Amino acid sequence: MDYTRPSSSVRRRMQRTRGHDNPFERAVRSRVYAKGIRYRIHYPIPGMKRFTCDLAVPGLKIAVFLDGCFWHGCTMHPPSVKKNRVFWLEKIARNQARDIGVRGHLEKIGWTTLRFWEHEPV
Ligand SMILES: [Zn+2]
């Protein structure tokens, strides 16, 4: 038994309760898809052009973030770094602060942000 990883049932529960990929969002996405709406990749954040989101549907003001567990500080998969540990932890903390800033900005300008973790099944 590997106690460092949550069981699949725990994982499913965490994914459900986190609310990033609930049935409503899936329904919205499939409706968007059915309407033939195309997304843009690496789309510059309006008003924060130094940053991009991974996918965007600008007409619907939807920004999608597909976050790597290491870089964005996934709590289910804490980084296992031995060399330069402080450096990496500080870097990840800066990434997380930036993520919060970018998403807060998008919310203020009326965008919907969707975030998906690397470990989530596609
Ligand atoms: Zn993860």
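You'll find the structure just up there.
Cut-off values and rules
Residues numbered from 1 in each chain as written. Predicted model: local features only at pLDDT ≥ 70, side-chain atom pairs only at ≥ 80, totals over all residues. Heavy atoms only, no water. Buried < 20%, exposed > 50% of the residue type's maximum accessible area, 1.4 Å probe, protein only. Helix = DSSP H or I, 4+ residues; strand = E, 2+ residues; numbered from the N terminus. Pairing = 2+ DSSP bridges. Donors = N, O, S within 2.8 Å, 3.2 Å for Na, K, Ca; no water. Tetrahedral: all angles 85-135°; square planar, octahedral: opposite > 155°, others 65-115°.

Visitor: Just checking my understanding: could you explain the pairing of strand β3 (residues 62-67) for this structure?
Guide: For a regular strand, side chains alternate in direction, first toward one face of the sheet and then toward the other. Burial of β3 is extensive: five of the six residues sit out of reach of the surface. By the bridge criterion, three bridges tie strand β2 (residues 48-57) to β3 in an arrangement that is antiparallel. By the bridge assignment for β3, V57 is matched with I62. One ladder, built from six bridges, connects β3 with strand β4 (residues 112-117); its direction is parallel. Bridge pairing links V64 to L114 in β4.

Visitor: Sorry, what's going on with the coordination of the zinc ion here?
Guide: Coordination sphere of the zinc ion, protein contribution only: C69 (SG), C74 (SG), H77 (ND1) and H119 (ND1), at 2.0 to 2.4 Å. What the four donor atoms of the zinc ion show is an angle range of 99 to 120° at the metal, which sorts the shape as tetrahedral. Of note, the donors binding the zinc ion are all from one chain and are spaced C-x4-C-x2-H-x41-H.

Visitor: Help me understand unusual backbone geometry, please; the structure alone is not making it clear to me.
Guide: The general pattern is negative phi for most residues beyond glycine and trans for most peptide bonds. Despite not being glycine, K61 has its phi angle at roughly 55°, a positive value. Of note, K61 is situated in the loop between β2 and β3. Not every positive phi belongs to a glycine, and N84 is a case in point at roughly 55°. Residue N84 is classed as exposed on the basis of its relative accessible area of 55%.

So, to be careful, I would describe these as geometric facts and stop short of saying anything about function.
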